[in-house]
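# Observations on the model geometry
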Amino acid sequence: MTHSVHGPTAQDTPGRDTRTRPSGRRVRTYIAIAACAAVVIGVALAITVSKLSKSGYPIRSTQHVSYLGVYEPDAPGSYTGIDKFARSIGRQPDLVSYYSSWGVPFNAGFASAATRHGAVTLVQMDPKNVSLASIAAGQSDQYLRSYAAGVKSFRGQLVLSFGHEMNGSWYSWGYQHTSAKVFVAAWRHIVTTFRAVGANNVDWLWTVNVVNKSIPIPSPAPWWPGSSYVNWVGVDGYYYLPSSSFAQIFGPTIVDVRALTGDPILIAETGATHAAGQPSKISDLFAGIRAYGLIGFVWFDKNDAGQAWRITSPHAFAALRQGARAYVRPPADLAHALPSSRGPSS
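Residues numbered from 1 in each chain as written. Predicted model: local features only at pLDDT ≥ 70, side-chain atom pairs only at ≥ 80, totals over all residues. Heavy atoms only, no water.

## Regarding the environment of Val-96
Mapped onto the elements of the fold, Val-96 is located in strand β2 (residues 95–101). With relative accessibility at 0%, the residue Val-96 sits in the buried group. Remark: the alpha-carbon pair of Val-96 and Leu-68, spanning 28 residues in sequence, is separated by 8.8 Å. For Val-96, the contacting residues outside a window of four places in its chain are Val-70, Tyr-79, Ile-82, Phe-110, Ala-114, Ala-119, Val-120, Thr-121 and Leu-122. (Helix = DSSP H or I, 4+ residues; strand = E, 2+ residues; numbered from the N terminus. Buried < 20%, exposed > 50% of the residue type's maximum accessible area, 1.4 Å probe, protein only. Contact = heavy atoms within 4.5 Å.)

## So, the packing of aromatic side chains
For any pair of aromatic rings, geometry is given as the distance between the ring centres together with the angle between the planes. Using the criterion set out here, one finds 28 aromatic pairs in the structure. Between Tyr-98 and Phe-110, the aromatic rings sit 5.4 Å apart at their centres with planes inclined by 80°, giving edge-to-face as the arrangement. With a gap of 12 residues between them, Tyr-98 in strand β2 and Phe-110 in helix α3 (residues 108–116) connect regions that are remote in the sequence. Owing to a relative accessible area of 2%, Tyr-98 belongs among the buried residues under this scheme. With relative accessibility at 3%, the residue Phe-110 sits in the buried group. Through a chain of ring-to-ring contacts, three or more aromatic side chains come together here, namely Trp-102, Phe-106, Tyr-143, Tyr-147, Phe-154, Phe-162, Phe-183, Trp-187, Phe-194 and Trp-204. (Phe/Tyr/Trp six-rings, centres within 6.5 Å; stacked < 30°, edge-to-face > 60°.)

## Section: the pattern of salt bridges
In this structure the tally under the stated criterion is 4 salt bridges. Residue Glu-72 pairs with Arg-310 through a salt bridge whose shortest N-O separation is 3.0 Å. With Glu-72 in the loop between β1 (67–71) and α2 (80–89) and Arg-310 in the loop between β8 (296–300) and α9 (314–327), this residue pair connects regions lying 238 residues apart in the sequence. Measuring nitrogen to oxygen at the nearest pair gives 3.5 Å for the salt bridge that ties Arg-310 to Asp-301. Take Arg-310: its relative accessible area is 25%, and that puts it in the partly exposed class. By relative accessible area, which is 2% here, Asp-301 ends up buried. Several salt bridges converge on common partners, so that one network encompasses Glu-72, Asp-301 and Arg-310. (Salt bridge = Lys/Arg side-chain N within 4 Å of Asp/Glu carboxyl O.)

Structure below.
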């Protein structure tokens, strides 16, 4: 999938094995970075909590991150990229995502591979150049029922999103192209159709882009389908600059979301450019998720539209390893959690 550049503001060389344990000096450096990030986020969080005290759902910090996820560009055709990422961070991710064009069947093979590796699959269904009004009117019901039947047969947990980043203007289903009212109607129809088929193993992820008044990327509130049609909320945002921070990128959008729902929030797409400083931004990401009480993140591990999001730096991988060891709870099945020593698997 070609992914559009977006976000609130605007990789080193591949090479040596990064599975060695970081030196004591490097560990102390990461701890110092994380401590600084926590101070900055703490100040911003106090402002956020003040805004939410007037209305909305409370923010409660957490000590743990439930999901460390990744998107690799060879998914869902292969699990090789995910396995390579897992070996680099010393553990399998808990959540693995892929993007699915409208009309494409559910990829049960990939979802089964994810289950064998101890991960949950997240599918982003993209209705590119498809009329959402026609979806709401039932004209895609045959496809939706077939997709839902495949999901039901899979039986495992699946996180499913439709029309992500709809409050941005870069997709045909989004802002300035399709009305929020039509989007909501299509979303509700899709969820209702899946439930009618009995595909109750789906967690519905309503995924928005971070707000930015200057672009503009408006508040996602007009696109909210209602709490009975959503299980999780996804927020997409990226670190473009050295000055970018979790609080600056995600804080205002979390305020908007918490005015709507208390549902779990996942950073459904994120990354940092090499120029922004990936190691420090990864530490900031872990600190922000814990401070704002979110459930985790999915790293967009692909260079796209002129931006280098892919992690190749040993220092960035080390930051991920440190964050995972400190804050991510190990999956129940440790055999699945550990990366394969035999190399990539599919």
